[in-house]
Amino acid sequence: MTRDGDRWFAVEAARDPVEVMRGRMEALGPVFSDAPELLELESKGVVLRVRLDGREGWCDRRLLARIQRYTLDRLRREIEPVSTAVFLRFLASWQHVAEEDRLDGPRGVAEALGQLAGFEAPAAAWERSILPARVRGYRMGWLDEMTLSGELAWGRLWGSATSPVRVTPLCFVRRDDLDAWLGLAGPGDGGSLSGYARAIRETLAARGAMFHQELARQTALLPEHFEAGLGELLGRGFLTCDSFRGLRQLLVPPSRRRRRVVSEGRWSLLRHGSEAPPDPEFVAQRLLDRYGVVFHRLLARERQPVPWRDLVRVFRTLELRGDVRGGRFVGGFSGEQYARPEAVARLRKIRRRGETTPVQVAAADPLNLTGILTPEPRVSTNARSEVRVG
């Protein structure tokens, strides 16, 4: 109970004031006072400063921890778990796939890809299905605008293998966060590159970013060898372009391409060295951006390397700060669950709305959680089928 403690403390000021203050603080709870003994108790770690009703007060450290624990327990009891079907409908809304929540224009493309930052999907799937599902009337030029402006970067972060370009896993990240993502992913495996790929990599390392025609001329490779080298570097996670049009040209079979290729953007190396990995909170915040509600089972398709136990420590800290809510949000799944406050509000809204028509997404879509949150067998991300969400 909060009260003004000045008169209480003044009565026994002539006795051992610091010890009197310590005893009173253990029983009173938060108080507002300017007694000098509080500063000494603060230096000993006995009391902490708190803010209540816009005013600065004091509270015993252990008592404050107990109050905080009771508050968190009360907030957790307020939440009634939803079914998996309701949660999937929430995810469709949260990730802008539901019709009423879809985005518009170039800014919509940036917002959608910012939310999916670090999530890898087959290269061809981004413009074939993932972006059109989230942005009304999607146009390829909108993605080019966002990459050419320097707002978004793309490439392969997780894993290293040579495969056809259309199925090579690629992701988008905000360019401001690129170093953090590269720090998580590590330097990549540069061994056993083919001669074609090595020639392109060495040319870019020596001369920097280059346009398509310029790079082909400098490497002096035959067209088919040049494209094979580009595809290999993409699959190994070493190559990017400052426009998505560079990749788009590689997705079109040579027989269907225009005779004259208009190249906007320059090829460059994605990795330049070893970046320091970011704090685990960086990953925790990106997962909250993507899902709103986070628990261990939900992350089965995520490739980021931070262990769940480290993420849980971050989520607990964020809960103590009031940035996230902890509780049982989705029934049927074990372990701790955490959510953004605005996600909890939307989850309740979706539950009150009742059943709606499920949306269909491509198997490569991040919302393909079939076999992860549902009892059906998992559907490969390279399958051309669609899955139901909700």
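Residues numbered from 1 in each chain as written. Predicted model: local features only at pLDDT ≥ 70, side-chain atom pairs only at ≥ 80, totals over all residues. Heavy atoms only, no water.

### Description of the overall build of the protein
No. 1: Helix and strand content of the protein: 16 helices and 16 strands.
No. 2: When burial is assessed residue by residue, the protein has 48% of its 390 residues classed as buried.
No. 3: Look at the contacts in the protein between residues 6 or more apart in sequence, and 68% of them connect residues 24 or more apart.
No. 4: Carbon and sulfur atoms form 49% of the exposed surface of the protein, whose accessible area is close to 19400 Å².
No. 5: Distance between charge centres in the protein, computed from 62 positive and 51 negative side chains, equals 5 Å. (Helix = DSSP H or I, 4+ residues; strand = E, 2+ residues; numbered from the N terminus. Buried < 20%, exposed > 50% of the residue type's maximum accessible area, 1.4 Å probe, protein only. Contact = heavy atoms within 4.5 Å. Areas by Shrake-Rupley, 256 points an atom, 1.4 Å probe, with all protein chains shown as cover. Lys, Arg positive; Asp, Glu negative; His and termini not counted. Charge placed at Lys NZ, Arg CZ, Asp CG, Glu CD.)

### Let's talk about the packing of aromatic side chains
How two aromatic rings sit relative to each other is given by the distance of their centres and the angle of their planes.
No. 1: Across all of its chains, the model carries twelve aromatic pairs by this definition.
No. 2: Relative to Phe295, the ring of Phe87 lies with its centre 5.7 Å away and its plane at 45 degrees, an arrangement referred to as tilted. With Phe87 in helix 5 (residues 84-94) and Phe295 in strand 12 (residues 293-295), this residue pair connects regions lying 208 residues apart in the sequence. An identical accessibility class is assigned to Phe87 and Phe295; each is buried.
No. 3: Taken together, a centroid distance of 5.2 Å and an interplanar angle of 70 degrees make the contact between Trp181 and Phe282 edge-to-face. With a gap of 101 residues between them, Trp181 in helix 9 (residues 178-185) and Phe282 in helix 14 (residues 280-291) connect regions that are remote in the sequence. Of the two residues, Trp181 and Phe282, both sit in the buried class.
No. 4: One aromatic cluster is present, built from ring pairs that chain together Phe87, Phe90, Trp94, Phe295 and Phe333.
No. 5: Seen from the ring of Phe238, Arg201 lies directly overhead, with NZ or CZ sitting 4.2 Å from the centre.
No. 6: In this arrangement the basic side chain of Arg286 is found over the ring face of Phe282, its NZ or CZ atom lying 5.0 Å from the centre. (Phe/Tyr/Trp six-rings, centres within 6.5 Å; stacked < 30°, edge-to-face > 60°. Lys NZ or Arg CZ within 6 Å of the ring centre and 35° of its normal.)

### Considerations on helix 8 (residues 140-148)
No. 1: Burial in helix 8 covers these residues: Trp142, Leu143, Asp144, Met146 and Thr147.
No. 2: Against the buried residues of helix 8 lie helix 6 (105-115), helix 7 (125-134), strand 7 (135-136), strand 8 (152-155), strand 9 (169-174) and helix 13 (245-251).
No. 3: At the C-terminal side of helix 8, Gly150 shows a positive phi close to 85 degrees.

### A short note on the sheet that holds strand 12
No. 1: The strand order across the open sheet formed by three strands is 12-14-13, and the pairing between neighbours is antiparallel. The open sheet has two free edges, formed respectively by strand 12 and strand 13 (325-327), since each of these has just one partner strand. Pairs of neighbouring strands in the sheet enclose a mean axial angle of 25 degrees, with direction left out of account.
No. 2: With three bridges connecting them, strand 12 and strand 14 (residues 337-339) associate as antiparallel partners. By the bridge assignment, Phe295 is partnered in strand 14 with Gln337.
No. 3: Here helix 14 sits on the sheet and contacts strand 12 and strand 14; the angle it forms with strand 12, its principal contact strand, is near 120 degrees.
No. 4: Running at roughly 50 degrees to strand 14, helix 15 (residues 308-321) makes contact with strand 12, strand 13 and strand 14 of the sheet. (Pairing = 2+ DSSP bridges. Axes fitted to C-alpha atoms, helices over the stretch in contact; angles between N-to-C directions.)

### Here's the deal with the pattern of salt bridges
No. 1: Taken as a whole and assessed by the stated rule, the structure comprises 23 salt bridges.
No. 2: Of the charged contacts, one joins Arg134 and Asp365 as a salt bridge, the two residues approaching to 2.8 Å between their closest N and O atoms. With Arg134 in helix 7 and Asp365 in the loop between strand 15 (359-362) and strand 16 (386-389), this pair connects stretches of sequence that are 231 residues apart. One exposure class covers both Arg134 and Asp365, and it is buried.
No. 3: Asp242 serves as the salt-bridge partner of Arg266, at 3.3 Å between the closest nitrogen and oxygen. With Arg266 in the loop between helix 13 and strand 11 (267-269) and Asp242 in the loop between strand 10 (239-241) and helix 13, the pair connects residues that are 24 residues apart, well separated along the chain.
No. 4: Its relative accessible area of 35% is what places Arg266 among the partly exposed residues.
No. 5: Here the residues in one salt-bridge network are Glu99, Arg102, Asp104 and Arg136, joined through shared partners. (Salt bridge = Lys/Arg side-chain N within 4 Å of Asp/Glu carboxyl O.)

### Points about the nonpolar core
No. 1: Formed by 58 residues in total, the largest nonpolar core has its most connected members in Phe87, Phe90, Leu91, Val293, Leu311, Phe315 and Leu373.
No. 2: At seven residues, helix 5 tops the list of elements feeding residues into this core.
No. 3: Counting residues in each nonpolar core, the second largest holds 41 residues, with Leu103, Ala121, Tyr138 and Met146 among its members. (Core = buried A, V, L, I, M, F, W, Y, C linked by side-chain atoms within 4.5 Å.)

### Examining unusual backbone geometry
No. 1: Residues other than glycine seldom take positive phi values, yet His96 does so here, at roughly 65 degrees.
No. 2: By the element assignment, His96 lies in the loop between helix 5 and strand 5 (103-104).
No. 3: Positioned with a positive phi, Ala220 is a non-glycine residue whose angle comes to about 55 degrees.
No. 4: Structurally, the position occupied by Ala220 is in the loop between helix 11 (212-219) and helix 12 (223-235).

### What about the state of the cysteines?
No. 1: On inspection of all chains with the given rule, the structure shows zero disulfides.
No. 2: Unpaired in this structure, Cys241 has its nearest cysteine sulfur neighbour in Cys171, at a distance of 15 Å.
No. 3: By relative accessible area, Cys241 is classed as buried at 3%. (Disulfide = S-S within 2.5 Å.)

Read these as geometric descriptors, not functional statements.
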